[in-house]
Amino acid sequence: MSNKRRTIGRTFSAPVVSSDPETGGFQQVFTLSSGRKVLFSRVTVDAGDVAAATYVVQENNGRDQSALTPESLKDITRTLRLQQFFPAIGARSEKGIEILDGSRRRAAALICRCGLDVLVTDEPLTPAEARALAKDIQTAREHNIREVGLRLQTLKATGLSQKEIAESENLSQAMVTRALQAASVSAALLSVFPVQAVLSFTDYRTLLASEEILSGKGTGPEELLANLTDVLSDIR
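What you see as residue numbers is a count from 1 along each chain, following the sequence as written. Local features are withheld for residues below a pLDDT of 70 in this predicted model, meaning they are given only at 70 or higher, and side-chain atom pairs are given and counted only at 80 or more; totals for whole chains, interfaces and linings count all residues. Only hydrogens and water are set aside; all other atoms, that is, all heavy atoms of the structure, feed into the side-chain values.

*Asks:* Kindly report on the confidence of the model for the chain, identifying the contributing residues and their values.
*Replies:* Per-residue confidence from the predictor is reported as pLDDT, which spans 0 to 100. In this model, the chain carries a mean pLDDT of 82, and residues with pLDDT of at least 70 account for 87%. Here a residue-residue contact requires only that any non-hydrogen atoms of the pair lie within 4.5 Å. Taken together, the stretch residues 1–24 has pLDDT below 50 and engages in 27 contacts with residues farther than four places along the chain or on a different chain.

Pasting the structure below:
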């Protein structure tokens, strides 16, 4: 009987994994949704360059960047200064390195003022390939219902019906409807919540109904929040 211990935690599987003995660089091949095999090489972006040298396209990454508050990132900032357990995944472009997976790690690196390890490809990716790769890898916390909705809004903007979106994303039509409703809540109203990941669909539905009431009275969420500044401060 083998006494080999079962691997605990996340693992990466890919057709090719190699280490360049001259540079010490780690390389890995991912197969894209189109069938293309693309080589990624591990690089470390210095702390002072993370903000300028890396960026996130929310439609591809899928993570709601406005929700990445210091409070929501405590699980990463607690250890990131010591080590980064998993590299982010990115694609190099003229603008820098687009972070396809790992925007929470990127945001935490900015808060901690430390470097960021990224597996980067120099191969140009299509938007469809980038979105699919980000969705497939997703090594961090699962996207909440609003973040799913923000991604689905991009598909809806291309002219797809909700039925077509549900089929292409392997989701129920009810899930698509709920996600799109959650994505409709304004960022201003959601700014009240430091950790938006804890909000349920019922919470989003309540917030959306509140916004509709405000709109009917000719008032925006900004005005409401301005009147509640002291109350929110006491709650926090």
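*Asks:* Summarise the packing of aromatic side chains; cite the residues concerned and give the values.
*Replies:* Two rings from Phe, Tyr or Trp (for Trp, the six-membered ring) form a pair when their centres are within 6.5 Å of each other. A pair whose planes differ by under 30 degrees is stacked, one over 60 is edge-to-face, and the rest are tilted. Within this structure, the stated rule accounts for 1 aromatic pair. Taken together, a centroid distance of 5.1 Å and an interplanar angle of 75° make the contact between Phe 30 and Phe 40 edge-to-face. One end of the pair, Phe 30, is in strand β2 (residues 26–31); the other, Phe 40, is in strand β3 (residues 37–45), and 10 residues separate them in sequence. Phe 40 carries the same exposure label as Phe 30, and that label is buried. Only when the NZ of Lys or the CZ of Arg is both within 6 Å of the ring centre and within 35 degrees of the ring normal is a charge said to sit over the ring. Positioned over the ring face of Tyr 55 is Lys 95, at 4.4 Å from the centre of the ring. Helix and strand definitions here come from DSSP, where helices need a minimum of 4 consecutive H or I residues and strands a minimum of 2 consecutive E residues; each element is numbered from the N-terminal end. Categorising residues by exposure relies on relative accessible area from a 1.4 Å probe, with only protein chains included: less than 20% of the type maximum marks a residue as buried, more than 50% marks it as exposed, and the intermediate range marks it as partly exposed.

*Asks:* Report on the pairing of β3, specifying residues and quantitative values.
*Replies:* As paired strands, β2 and β3 are joined by 5 bridges and run antiparallel to one another. Along β3, the bridge assignment pairs Gln 27 with Ser 41. Pairing between strands is defined by DSSP: at least two bridges between them are needed.

*Asks:* Describe unusual backbone geometry, and please don't skip the residues or the numbers.
*Replies:* One non-glycine residue, Arg 113, lies in positive phi territory at about 55°. By the secondary structure assignment, Arg 113 is in the loop between α4 (103–112) and β7 (116–121). The backbone of Asn 170 shows a phi angle near 60°, a positive value even though the residue is not glycine. Looking at the secondary structure, you find Asn 170 in the loop between α7 (162–169) and α8 (173–183). The exposed category is assigned to Asn 170, whose relative accessible area is 72%.

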